[in-house]
Structure formats: structure tokens, C-alpha cells
Amino acid sequence: DSLNITLSNNELYGNTNAYILDNTNYSSINNSQTYSNTNYSFNLINSNDNIIANSQTYSNTNGFNLTNSNNNNITNSKIYNNNLGINLSSSLDNNIYNNYFSNTQNADETSGSNYWNTTYNCSITNIMGGNCTGGNFWHNYVGVDDNKDGIGEIPYNESNNFTGADYLPLVALC
């Protein structure tokens, strides 16, 4: 087991997996850029209570994979131009919010129960530049923002691939 590892300001590309966290707990990856990897950029297996924040993962086969991994936070990151943005399998209570998703398939949650948004908060600017934080930006979200707070009024659940939904999806500012 690995504990309390901090990785920051890295650029990883052209690998099978950029990061593999296997039995890694209470660790963080910040300000990372991963691209052109043939499997996953972030592959968490049996890893709990980790933070991945302020990162970009793009032009990979897959962005994130969490298998048997619980209580992780993925925030303030841009996940785009991948075949699959994030896959969660047998993983519980992960917090995934304030991220930008624009992939062939944004997310797949095959089993488990995870959180796709945090508490509605208008004291922090979201990843799209809106006045409030809540959930994630999804490139294929078709809801509206009637009150212009940067949060869509209709929950997002990509093709019913979540056990729940992103109840506070972010919208692009006009």
C-alpha cells in the first residue's frame, strides 16, 4: 500500500497508463496534463481518499478509470477528446464536480453510487466562468439555465449511465 503521495505539475503522454494508483490512499495529483495515452490517463484500482484536481486529460483512449475505489475527489479538471471520459466500476462515494467533460462518451458508472455534484455555492466561480459551482459541464447537456446562475435547471444523466445524476450541471456562458 502507498499513502500520502503528492504529485504535481507533471506532463505525461504516449504511455499505456499515465498514472496507476493501485492500493494508494490519501494521496493527491494536482496540475497534471496527460494526453495520447493508449489506455487510461488516471487508473485507480483499490485506491481510496485521493484527490485529483486542476488537471487536464485529453486525446487518450480513456480519461479516468476507478475500480473498487472509494471516497476520491476529482475536481476542477478538463476531460476532453477521449473515447470515454470516466469509468466507475464497483466504486462508491466518489465526488466528481466542477469538471469539464467533452468526450465521445463522457461517463459510465457500471456499479456503485457516486456524487456528480457538490453543494450549490455562489461564492466560488465554476470551471466555465459562471458565478456558482455545483456539478460538471457536459458538452451534450441540453438543459437550460433560466435564472442565469451558470447551473442548468434539469439534472444530467448521460444515457442513464449513472446510478444517480448530476443535479447541478454547469452550462456554458453566452
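As a reminder, the structure under discussion sits directly above these lines.
Residues numbered from 1 in each chain as written. Predicted model: local features only at pLDDT ≥ 70, side-chain atom pairs only at ≥ 80, totals over all residues. Heavy atoms only, no water.

**Q** Tell me about unusual backbone geometry, residues and numbers included.
**A** Despite not being glycine, N23 has its phi angle at roughly 55°, a positive value. Checked against the element boundaries, N23 lands in the loop between strand 4 (19–22) and strand 5 (24–25). Judged by relative accessible area, which is 30%, N23 ranks as partly exposed. Positive phi, normally seen in glycine, also occurs at N71, with a value near 60°. (Helix = DSSP H or I, 4+ residues; strand = E, 2+ residues; numbered from the N terminus. Buried < 20%, exposed > 50% of the residue type's maximum accessible area, 1.4 Å probe, protein only.)

**Q** Now, about the sheet that holds strand 8 (residues 40–45): what can you tell me, with residues and values included?
**A** With parallel pairing, five strands are arranged side by side in an open sheet as 4-8-11-14-17. Strands at the two margins of the open sheet, each flanked by one partner only, are strand 4 and strand 17 (105–109). Direction aside, the axes of adjacent strands within the sheet are offset by 5° on average. Looking at chain direction, strand 8 and strand 11 (residues 62–67) are connected through five bridges and run parallel. From the neighbouring strand, L44 faces strand 11, where its bridge partner is L66. (Pairing = 2+ DSSP bridges. Axes fitted to C-alpha atoms, helices over the stretch in contact; angles between N-to-C directions.)

**Q** Account for the state of the cysteines, with residues named and values stated.
**A** Tallied over the entire structure, the rule returns one disulfide. Paired by a disulfide, C122 and C132 hold their sulfur atoms 1.9 Å apart. Between C122 and C132, the S-S dihedral sits near 95°, and the bridge is therefore right-handed. Of the two residues, C122 is situated in the loop between strand 17 and strand 18 (137–138) and C132 in the loop between strand 17 and strand 18; the sequence distance between them amounts to ten residues. (Disulfide = S-S within 2.5 Å.)

**Q** Tell me about the sheet that holds strand 18, residues and numbers included.
**A** Spatial ordering of the open sheet is given by 3-7-10-13-16-18, a layout of six strands whose pairing is parallel. A single partner strand is all that each edge strand has here, and the edge strands are strand 3 (11–13) and strand 18. The sheet contact formed by strand 13 (residues 78–80) and strand 16 (residues 100–102) spans three bridges and is parallel. Looking at the pairing, Y80 lines up with S102 of strand 16.

**Q** Talk me through the packing of aromatic side chains; I want residue IDs and the actual numbers.
**A** Geometrically, a pair of aromatic rings is defined through the distance of the ring centres and the angle of the planes. Overall, the coordinates contain eleven aromatic pairs when judged by the stated rule. When the centroid spacing of 5.1 Å and the interplanar angle of 10° are considered together, the rings of Y58 and Y80 count as stacked. Linking Y58 in strand 10 (residues 56–58) with Y80 in strand 13, this pair joins segments that are 22 residues apart in sequence. Aromatic side chains F101 and W138 sit 4.4 Å apart centroid to centroid with 10° between the ring planes, which places their arrangement in the stacked category. With F101 in strand 16 and W138 in strand 18, this pair connects stretches of sequence that are 37 residues apart. One exposure class covers both F101 and W138, and it is buried. (Phe/Tyr/Trp six-rings, centres within 6.5 Å; stacked < 30°, edge-to-face > 60°.)

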